[in-house]
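# Reading the structure
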Amino acid sequence: MKYTQLGRTGLKVSRLVLGTMNFGPQTDESTSHGIMDAALDAGLNFLDTANVYGWGENKGRTEKIIGNWFVKGGDRRDKVVLATKVYGNMAPDDSPVWPNHDKLSALNIRRAVDDSLKRLQTDYIDVYQFHHIDRRTPFEEIWQAVDVLVQQGKILYVGSSNFPGYKIAQANETAARRGGTIGLVSEQCLYNLAERRAEMEVIPAAQDYGLGVIPWSPLHGGLLGGVLKKEATQGRRASGRAADALKDTKTREQIQAYENLLDKHGLEPGEAALAWLLTRPGITGPIVGPRTQEQLDSALRALELELSEELLTSLDEIFPGPGPSPEAFAW
C-alpha cells in the first residue's frame with residue numbers, strides 16, 4: 001500500500017479511500033465487514049462514511065455497520081483513519097425536518113457528533129467533514145463548535161465536502177483570524193476524467209490552503225468503468241448517471257474512444273481511471289465504494305499501474321480539462 005500525508009497535517013493515509021456508501025443499501029453487513037477486513041489487510045487505512053448513509057428510513061445504518069465491525073476487536077479502530085460527515089437531516093425522507101436537526105449550526109454539529117460516535121461505537125472521529133456548505137451559519141459559529149469538540153477529544157481534524165473554492169478560502173481565513181484553529185485539512189469533491197471542473201478553482205484553493213483532495217465518484221457513476229464493453233459482452237445496461245450520460249451521442253463517442261484507447265494498452269478502464277487520479281497534483285486519494293470483494297480487488301490493482309506519458313496525453317485529448325484559472329474563465 002502507498003501512503004501520503006493528508007494535506008498539511010501529520011496524518012498518514014492510504015492513497016485509496018474506502019467509501020462505505022453502499023454498506024447497508026447495496027451490501028449486507030457480513031459482506032461489508034469482509035470488505036473492510038480485506039481493505040485493512042491490504043493496508044488501506046482511510047475509511048469514509050457519513051451520518052446519512054443508509055438513506056431513506058435507514059439513515060445511520062452504515063455508521064452502525066462500521067461500529068459493529070470496530071467492536072470485533074483486532075485493533076480495527078486503532079488502525080483506521082475514520083472520516084464521517086455532518087449536514088443532512090436524519091429524519092426519514094418522507095418526514096418533516098425538525099428545526100435545528102440539520103446543517104451546520106453549533107447545536108446540530110454537537111448533536112450530530114454525539115450521535116455518530118454512538119453509532120460508530122468509538123469515542124473519537126479522526127476527520128469530521130462538512131457534507132455541504134451552510135449558507136446561513138457563519139464560519140465563526142462553526143469553528144467555535146469545532147474548537148469545543150477538539151478540546152473534548154471527540155474530533156481531531158475537520159474537512160469539507162462539495163465546497164467551492166471561495167468557501168474553502170472563506171473557511172480557512174476565518175479559522176486563521178480566530179487563531180488556535182487548524183481549519184479545513186481536506187476537501188472531498190466530484191472529480192474524475194469526465195468531470196474536471198474542480199481543476200478550475202477547488203483544487204487550486206485546496207493546494208494553496210494545504211488541504212488534501214479526496215475525489216468522490218472516480219468512475220463517474222460507472223461511466224468510466226468499461227460500461228460499453230460490459231454492454232456489448234455481458235448485456236449489462238448502464239444505469240443511473242452513466243445511462244443518462246450515454247444518451248448524448250458525443251459522450252457515447254467519447255467513452256468509446258476512451259475504452260478503445262485502454263484496450264489498446266491492455267488496461268481495464270476502471271483501474272486506469274483510478275490510476276489517472278493518482279497522478280493528479282494535490283490528490284490524496286480517490287474514494288472507492290466497492291459493493292463486492294472483486295470490486296475492491298480491482299481498485300487495489302490501480303495502485304500498481306504506471307500510466308505512460310503517451311497514455312496520459314491521449315487521455316487529455318479525449319477528456320480535455322478546463323485549463324488553469326483565471327485563463328479558463330477569461331479566454
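Shown above is the structure to which this text applies.
So, here's what we can say about the structure. (Residues numbered from 1 in each chain as written. Predicted model: local features only at pLDDT ≥ 70, side-chain atom pairs only at ≥ 80, totals over all residues. Heavy atoms only, no water.)

## Section: the overall build of the chain
When its secondary structure is counted, the chain shows 14 helices and 10 strands. Computed over its C-alpha atoms, the radius of gyration of the chain comes to 20 Å, within 12% of the 20 Å expected for a compact globule of 331 residues. For the chain, the spread of C-alpha atoms along the three principal axes comes to 55 × 50 × 40 Å. Taken across its 331 residues, the chain has 51% of its residues classed as buried. (Helix = DSSP H or I, 4+ residues; strand = E, 2+ residues; numbered from the N terminus. Rg over C-alpha atoms; globule rule 2.2 N^0.38 Å. Buried < 20%, exposed > 50% of the residue type's maximum accessible area, 1.4 Å probe, protein only.)

## Comments concerning the sheet that holds strand β4 (residues 46-48)
On the basis of which strands lie adjacent, the open sheet formed by 8 strands has the order β9-β8-β7-β6-β5-β4-β3-β10 and parallel pairing. Edge positions in the open sheet fall to β9 (212-216) and β10 (287-288), since each of these has one partner strand only. Here 2 bridges tie strand β3 (residues 17-19) to β10, and the two strands are oriented parallel to one another. In the sheet register, V17 faces β10, and the bridge partner there is I287. (Pairing = 2+ DSSP bridges.)

## Observations regarding the side chain of T137
Its place among the elements puts T137 in the loop between β6 (125-130) and α5 (139-151). Given the relative accessible area of 13%, T137 is considered buried. Here the side chain of T137 touches D134 through a polar contact of 2.7 Å, side chain to side chain. Beyond its immediate chain neighbours, meaning those up to four positions away, T137 contacts L104, S105 and I142. (Polar contact = N/O pair within 3.5 Å; in protein donor to acceptor, adjacent residues only side chain to side chain. Contact = heavy atoms within 4.5 Å.)

## Notes on the nonpolar core
Grouped together as the largest cluster of nonpolar side chains are 57 residues, with contacts concentrated most on I109, F130 and Y258. It is α5 that contributes the most residues to this core, 6 residues altogether. Setting aside residues up to four positions removed in sequence, F130 forms contacts with V86, L104, I109, I142, V146, V158, G159, S160, S161, F163 and L184. Counting 25 residues, the second-largest nonpolar core is a separate cluster that includes F23, A39, I65 and A302. (Core = buried A, V, L, I, M, F, W, Y, C linked by side-chain atoms within 4.5 Å.)

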